[in-house]
Amino acid sequence: MAQRGIREYDAKRLLAGFLPQYLNEFSYKGDLALVGPETDLEELASTHPWLKTARLVVKPDQLFGKRGKHGLVLLDADWDRAKKFLQEKMGALVAVGDITGRLSHFLIEPFIPHIEELYVAISSNSDGDNIFFSMQGGVFVEENWDKVVRFHVDVLAGIDGVDIKSRLPKDLGEKSTAVDNFIKALWRFYAETGFSYLEINPFTFHNGSIVPLDMVAKLDDAEEYWQRKRWSGLAFPEPFGRSLSKEELFIKDLDSKTGASLKLTILNPEGRVWTMVAGGGASVIYADTICDLGFAKEMANYGEYSGDPNTEETYYYTRTILDLMTRHIDPRGKMLLIGGAIANFTDVAKTFKGVVVALEEYQQKLQDAGVKIYVRRGGPNYEQGLKLMRSLGRRLGVPIEVYGPETHMTRIVPLALDGAST
Amino acid sequence: MSPNYVLFDRNTKAFVYGYQTNAIQRMLDFDYICNRPDPSISAIINPSRAGIHKAFWGSKEIIIPMYRSISLAAKAYPEADVMVNFASHRSAFDTTMEALAEENIRVVAVIAEGVPERQSRIMSATAKKQGKIIIGPATVGGMTAGAFRIGNTAGTIENIIASKLYRPGCVGFVSKSGGMLNEAFNIISRNSDGVYEGVAIGGDRYPGSTMLDHILRYEENPAIKMIACLGELGGEDEYRIISALKEGKIKKPLVAWVTGTCSPVLPASVQFGHAGAKADTHKETAQAKNDAFSEAGAYVPTSFDGYGDSVRQVYETLLSQGVVLPLIEPEAPKIPADYSKALASGDIRKPTTFICTISDDSGEEVLYAGKKLSAVMDEKMGIGGVIGLLWFKKELPDYAAGFIELVLQIVADHGPAVSGAHNAIVASCAGKDLISSLCSGLLTIGPRFGGAIDDAAREFKHAKEADLTPEQFVSDMKRKGINIPGIGHKIKSVKNPDKRVQLLISYARANFPSTELLNYALLVEELTTAKKGNLILNVDGCIGILFLDLMTSCGAFSKAEIDEVVRLGYLNGLFALGRSIGLIGHILDQKRLGSRLYRHPAEDIAYIMPSPEDIKCKR
């Protein structure tokens, strides 16, 4: 559970769909079309007839900014030009900052000719939300940050008592009432639709009403239960440049079906140091220790399992990791760290049962890949769990070193890596 | 009233929201080993049931009241000022706000993960406004050594004893991670005199109370001599601690470490296990925070591995300065082992009071006399085969199982007029339910109705074994004045033979290896029917006698086993079982017909009263 970016397409869809509930005069229709790798453009044009009649804007919609600067925005084009642009760019490899990825999703919307570019953003912190407004929006907002007005909205008091109008720039003139109403409505929409960040940069006035031109948003995915109606059909795409592997998707799917937590990120599939650590806190410390000891490049994965997963879940989790780590043979051998802190309520013996079944299944492959296993864990039933691991070592013909709470949590990291450096 | 910096002491009373029986028992066990005067849980709040919950206090059992709502519990127990909230992420907000609205509740620990950020912020701001404290969400909670634990904090009793949490040390600890709390207790207990109090604020972005909130409490508490904290990349909470250090608000030595130093070498998109663990700016990275801590005068190890060493270094300095006095270790307490756990680990044994040798439901599949139910089905053993397994613990030959089924079919019913069916019908008409009416019928079975099978088997077997001639047997019984069981029928006779008996005999002759006892009984019948036409071998007698023939000749039974069958009276069971089919039929029949109460007609009763003289007692 965390803050997750959404597509501009979805952000604008939410805005068009629900802001009018807070702002009668908001007439933005939300003419939006999302193009993915599988989209049939002719069919899209038949369900979105304005595509063939309006002047269009086309831009990638994959959670990265500064698209204009990278020459990825097509402005004021007709449908044929847009299609050509899409055919050229779809699947293209582009570098954005340090990250390289393939273009896969584009947003098409009507082109709005404009001069005025206004800026509004809302972010949250522990005591409330901050609303930022500037008349110098667009790409220049950062260089003109001193012109940005900030309004603080207390988390309990809400926006009712906040004086916005008198603090808006005088240059807004008669538009200040409209902007005042828009900001107040936008905050209510933000608070009641599960947002944790929202930026419209820029928006403009078109025929007297407000139109968002460019939008970035994050939602708090923990709100899913309350927002299931408003969020229906909404997706949380992976960050740009990152596509999930089959194995990561499998664990993600497993995670979504259980009250326990199961996480896996593959960092370097050919790395020699693999971890299977229980606990969100402990897993970070294991990763830290591996890096501290100079093995960052050999660290194959980050992951954690916690919240008392059942035997079946730990079996699938272990099997996924064993499968990945035994695919490439490295003559220097590999290390698997089955680590964890002293659990509060997770039954160690029960979780290890699933681990043991998977290890037995991969006996031959583990031997072939020269895997050494290091275990450290404590908590309910840990004696039994560790005993299970020790007796497995004797059966399996794979070296397994097993430690309990008497050994420092990360002690197995240097033990494993000492072997690795020789 | 304890000072504000004290959240929990040895008299703290709490509510547990949610029927978390394991966590409840863990809290009570902790109270018990801390020698608290009484349990820390005043009441359980369980929205689906009010009543009581039974739990252990040491080896004794106690009762904890259970209420449906927070306000009812709060009214009944105004001394409880803590609520341990196990509500799910869906109801954590509503229940916490409800608890905050109660004047007496001043600390709420929210365990649920996945509470929305806006809800967390509202809970937190509400609590702050009221001068109350929220621990969590997304945490195991926290504990004050020797005084009070929240839910599952510090895990098992063994761990609590290993980390000496049953008595206070001098270290105040706070972390984000609940999972690391126990590990920290362990590290601290190995490198100092142990923890005074430890709290995990939870890994969310907006925890209800911050690490600084707790550190400032530790600073104020004179019993705490040093503070340890374990932060995480992401967020700015650590910088609030650093500012407080710089401003001199924290004077006690502080050991600090921020985890997540690996993040610069990982792809930016990796989301660590905690929702808040993501550095959005350089300032939020673990390195930057560790450097800032160090610069502000905290004791910062070079890696997490050195955390214990830093704790030890500070503790030993305090000891040498006389700030901390050497602790006189109290005796480690004991808690009775949980019976089921001790049994599972093989630590204890206990003679059982109950033995079962016919079936076993403790495994994945029920066993009949050791045989899997699915095998019973696969082998089509039928009712006769099942009776063989459950009554005799034998896989009977097919013809024997077939005989049992034949008996059951034959005795299944004999019309509504026989006493058993009659009684069942009368009971049913009186409005009794199926089972009561069935019992009424079954209770009628006895020596004169259906219950002569065992007696007949016993007497004929006895006579045969004593080598009595049929004549000797008949005259012997006559001399004793006993009617021969299994002989005689109310309406059937030589001329009007009982078809049921004929069926049984022809099955036996066709299938049994031998029918020796039957042959003997038929000789006896010749003698008795010569005296009176209705003194035939009746169905009870025939079943009992043939069953003995079956057992003797089929080879599956030893003599001792046959004796036991007769002695224990197995065979009346055949009648009771078979006839139950008919009795149930009659009862259902009456119910379908909607029969009214049966009253025996008065003209069918001869009323003959004793005379007044007859009833007078002689003085």
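Predicted model only: the values in this text are computed from it and were never measured.

**Re the overall build of chain A**
Item 1. Counting secondary structure elements, chain A contains twelve helices and 19 strands.
Item 2. For chain A, the spread of C-alpha atoms along the three principal axes comes to 80 × 50 × 40 Å.
Item 3. Taking all 422 residues of chain A together, 42% fall into the buried category.
Item 4. Within chain A, contacts between residues at least 6 apart in sequence are counted, and of these 71% link residues at least 24 apart.

**Concerning the overall build of chain B**
Item 1. Broken down by element type, chain B carries 24 helices and 16 strands.
Item 2. Its C-alpha atoms put chain B at 120 × 65 × 55 Å along the principal axes.
Item 3. Within chain B, contacts between residues separated by at least 24 positions form 71% of all contacts whose residues are at least 6 apart in sequence.

**Brief notes about the interface of chain A and chain B**
Item 1. Counting residues at the interface gives 49 residues for chain A, matched by 48 residues for chain B.
Item 2. Elements with a contribution of two residues or more to the side of chain A that touches chain B: β14 (261–266), α7 (280–292) and β16 (301–306) of chain A.
Item 3. Residue contributions to the side of chain A that touches chain B peak at eleven residues, all from α7 of chain A.
Item 4. A breakdown of the residues in the side of chain A that touches chain B according to their chemical character gives 24 nonpolar, 17 polar and eight charged.

**As for unusual backbone geometry**
Item 1. Cis peptide bonds are those with omega within 30 degrees of zero, and the linkage from N201 of chain A to P202 of chain A qualifies with 0°.
Item 2. Of note, P202 of chain A is situated in strand β11 (residues 195–206).
Item 3. A cis amide bond, omega 5°, links G136 of chain B with the succeeding residue P137 of chain B.
Item 4. In this fold, P137 of chain B is placed in the loop between β7 (133–135) and β8 (142–144).
Item 5. Notably, D308 of chain A is not glycine yet its phi reads approximately 55°, a positive angle.
Item 6. Residue placement: D308 of chain A occurs in the loop between β16 and α8 (311–325).
Item 7. The phi dihedral of K380 of chain B falls on the positive side, at around 50°, and the residue is not glycine.
Item 8. The class for K380 of chain B is exposed, based on 8 C-beta atoms found within 10 Å.

**What about the pairing of strand β17 (residues 334–340) of chain A?**
Residues and elements named next belong to chain A.
Item 1. Along β17, seven of the seven residues are buried, which leaves the element largely enclosed by surrounding structure.
Item 2. Side chains K334, L336, I338 and G340 of β17 all project onto a buried face; the interleaved residues M335, L337 and G339 project onto the opposite face, where all are buried too.
Item 3. In the sheet, strand β15 (residues 273–278) pairs with β17 via six bridges, with the strands oriented parallel. Bridge assignment links T275 to a residue of β17, and that residue is L337.
Item 4. Judged from the five bridges that link them, β17 and strand β18 (residues 371–376) form a sheet pairing that is parallel. By the bridge assignment for β18, K334 is matched with V371.

**Focus on the domain arrangement of chain A**
Item 1. Domain assignment breaks chain A into domain 1 (3–29 + 114–225), domain 2 (33–110) and domain 3 (246–421).
Item 2. Using C-alpha coordinates to define each centre, domain 2 of chain A is positioned 43 Å away from domain 3 of chain A.

**Comments concerning the sheet that holds strand β6 (residues 107–110) of chain B**
Residue and element names in this part refer to chain B.
Item 1. One open sheet accounts for seven strands, arranged β3-β4-β2-β1-β5-β6-β7; its pairing is mixed. Strand pairing shows two members of the sheet lacking a second neighbour, β3 (51–57) and β7, which therefore form its edges. Geometrically, the sheet is characterised by an average inter-axis angle of 25° between neighbouring strands, direction not taken into account.
Item 2. Pairing of strand β5 (residues 82–85) with β6, which is carried by four bridges, proceeds in the parallel orientation. Counted as the bridge partner of M83 is V108 from β6.

**Notes on the packing of helix α16 (residues 434–442) of chain B against helix α23 (residues 572–593) of chain B**
Residue and element names in this part refer to chain B.
Item 1. The contact between α16 and α23 brings their axes to 9 Å, and the two run at 130°. Between α16 and α23, the crossing angle belongs to the class labelled oblique. Crossing of α16 against α23: the hand is right-handed. Touching L434, S437, L438, G441 and L442 of α16 are A576, S580, L583, I584 and I587, all from α23.
Item 2. Of the residues in the contact of α16 with α23, the class split is seven nonpolar, three polar and no charged.

**Observations regarding the environment of S595 of chain B**
Item 1. The topology assignment puts S595 of chain B in the loop between α23 and α24 (612–615).
Item 2. Using a count of 15 C-beta atoms within 10 Å as the deciding quantity, one classes S595 of chain B as partly exposed.

**Regarding the nonpolar core**
Item 1. The biggest cluster of nonpolar side chains holds 163 residues, and the ones touching the most others in it are L337 of chain A together with V16 and C229 of chain B.
Item 2. With seven residues, the single largest contributor to this core is helix α1 (residues 21–33) of chain B.
Item 3. Filtering out sequence-adjacent residues up to four positions away, L337 of chain A remains in contact with T275, M276, Y286, Y374, I412, V413 and A416 of chain A.
Item 4. If you look at the next biggest cluster of nonpolar residues, it comprises 46 residues, including F403, L537, I545 and V566 of chain B.

**Overview of the sheet that holds strand β4 (residues 74–77) of chain A**
Residues and elements named next belong to chain A.
Item 1. Spatially, the four strands line up as an open sheet ordered β2-β7-β3-β4, and their pairing is antiparallel. Each of the sheet's edge strands pairs with one partner strand only, and the pair in question is β2 (33–35) and β4. Sheet twist, expressed as the average angle between the axes of neighbouring strands with direction ignored, equals 20°.
Item 2. In the sheet, β2 pairs with strand β7 (residues 106–110) via three bridges, with the strands oriented antiparallel. Along β7, the bridge assignment pairs V35 with F106.

**Some remarks on helix α14 (residues 398–411) of chain B**
Residues and elements named next belong to chain B.
Item 1. The end-to-end C-alpha separation of α14 is 20 Å, in line with the 20 Å expected for 14 residues at 1.5 Å each.
Item 2. Here α14 has its buried residues at A400, A401, F403, I404, L406, V407, I410 and V411.
Item 3. Where α14 is buried, its residues meet α13 (382–392), α19 (499–511), α21 (539–554) and α23.

**Considering α8 of chain A**
Item 1. Compared with an ideal rise of 1.5 Å per residue, which puts 15 residues at 21 Å, α8 of chain A spans 21 Å between its outermost C-alpha atoms and is within 8% of the ideal.
Item 2. Listed in full, the buried residues belonging to α8 of chain A are E313, T314, Y315, Y317, T318, T320, I321, L322 and M325 of chain A.

**Quick word on the packing of helix α3 (residues 92–100) of chain B against helix α4 (residues 117–129) of chain B**
Any two packed helices are characterised by how steeply their axes cross, that is the angle between the axes, and by the distance between the axes.
All names here are of chain B.
Item 1. Close contact between α3 and α4 brings their axes to 10 Å; oriented N to C, the two are set at 5°. The angle between α3 and α4 places the two elements in the roughly parallel class. Side by side, α3 and α4 meet where F93, T96, M97 and L100 of the first sit next to Q119, M123, T126 and A127 of the second.
Item 2. Residue classes in the contact of α3 with α4 are distributed as five nonpolar, three polar and no charged.

**Describing the environment of L103 of chain A**
Residues and elements named next belong to chain A.
Item 1. Structurally, the position occupied by L103 is in the loop between β6 (99–102) and β7.
Item 2. Residues L103 and L72, spaced 31 residues apart in sequence, show a C-alpha to C-alpha distance of 9.9 Å.
Item 3. Excluding its chain neighbours within four sequence positions, the residues that come into contact with L103 are P60, Q62, K89, M90, G91, A92 and V94.

**Some thoughts on the environment of R349 of chain B**
Item 1. The residue R349 of chain B is located in the loop between α11 (339–345) and β14 (359–360) in this model.
Item 2. Through-space distance from the C-alpha of R349 of chain B to that of Y339 of chain B is 9.7 Å; in sequence the pair is ten residues apart.

Cut-offs and rules
- Residues numbered from 1 in each chain as written.
- Chains lettered and ligands numbered in written order.
- Predicted model: local features only at pLDDT ≥ 70, side-chain atom pairs only at ≥ 80, totals over all residues.
- Helix = DSSP H or I, 4+ residues; strand = E, 2+ residues; numbered from the N terminus.
- Buried ≥ 20, exposed ≤ 12 C-beta atoms within 10 Å, placed from the backbone.
- Contact = placed C-beta atoms within 7 Å.
- Nonpolar A, V, L, I, M, F, W, Y, C, P; charged D, E, K, R; others polar.
- Pairing = 2+ DSSP bridges.
- Domains from an automatic or database assignment.
- Axes fitted to C-alpha atoms, helices over the stretch in contact; angles between N-to-C directions.
- Parallel < 35°, antiparallel > 145°, perpendicular 65-115°, else oblique.
- Left-handed = near helix turned anticlockwise from the far one by under 90°.
- Core = buried A, V, L, I, M, F, W, Y, C linked by C-beta atoms within 7 Å.
- Expected span 1.5 Å × (residues − 1).

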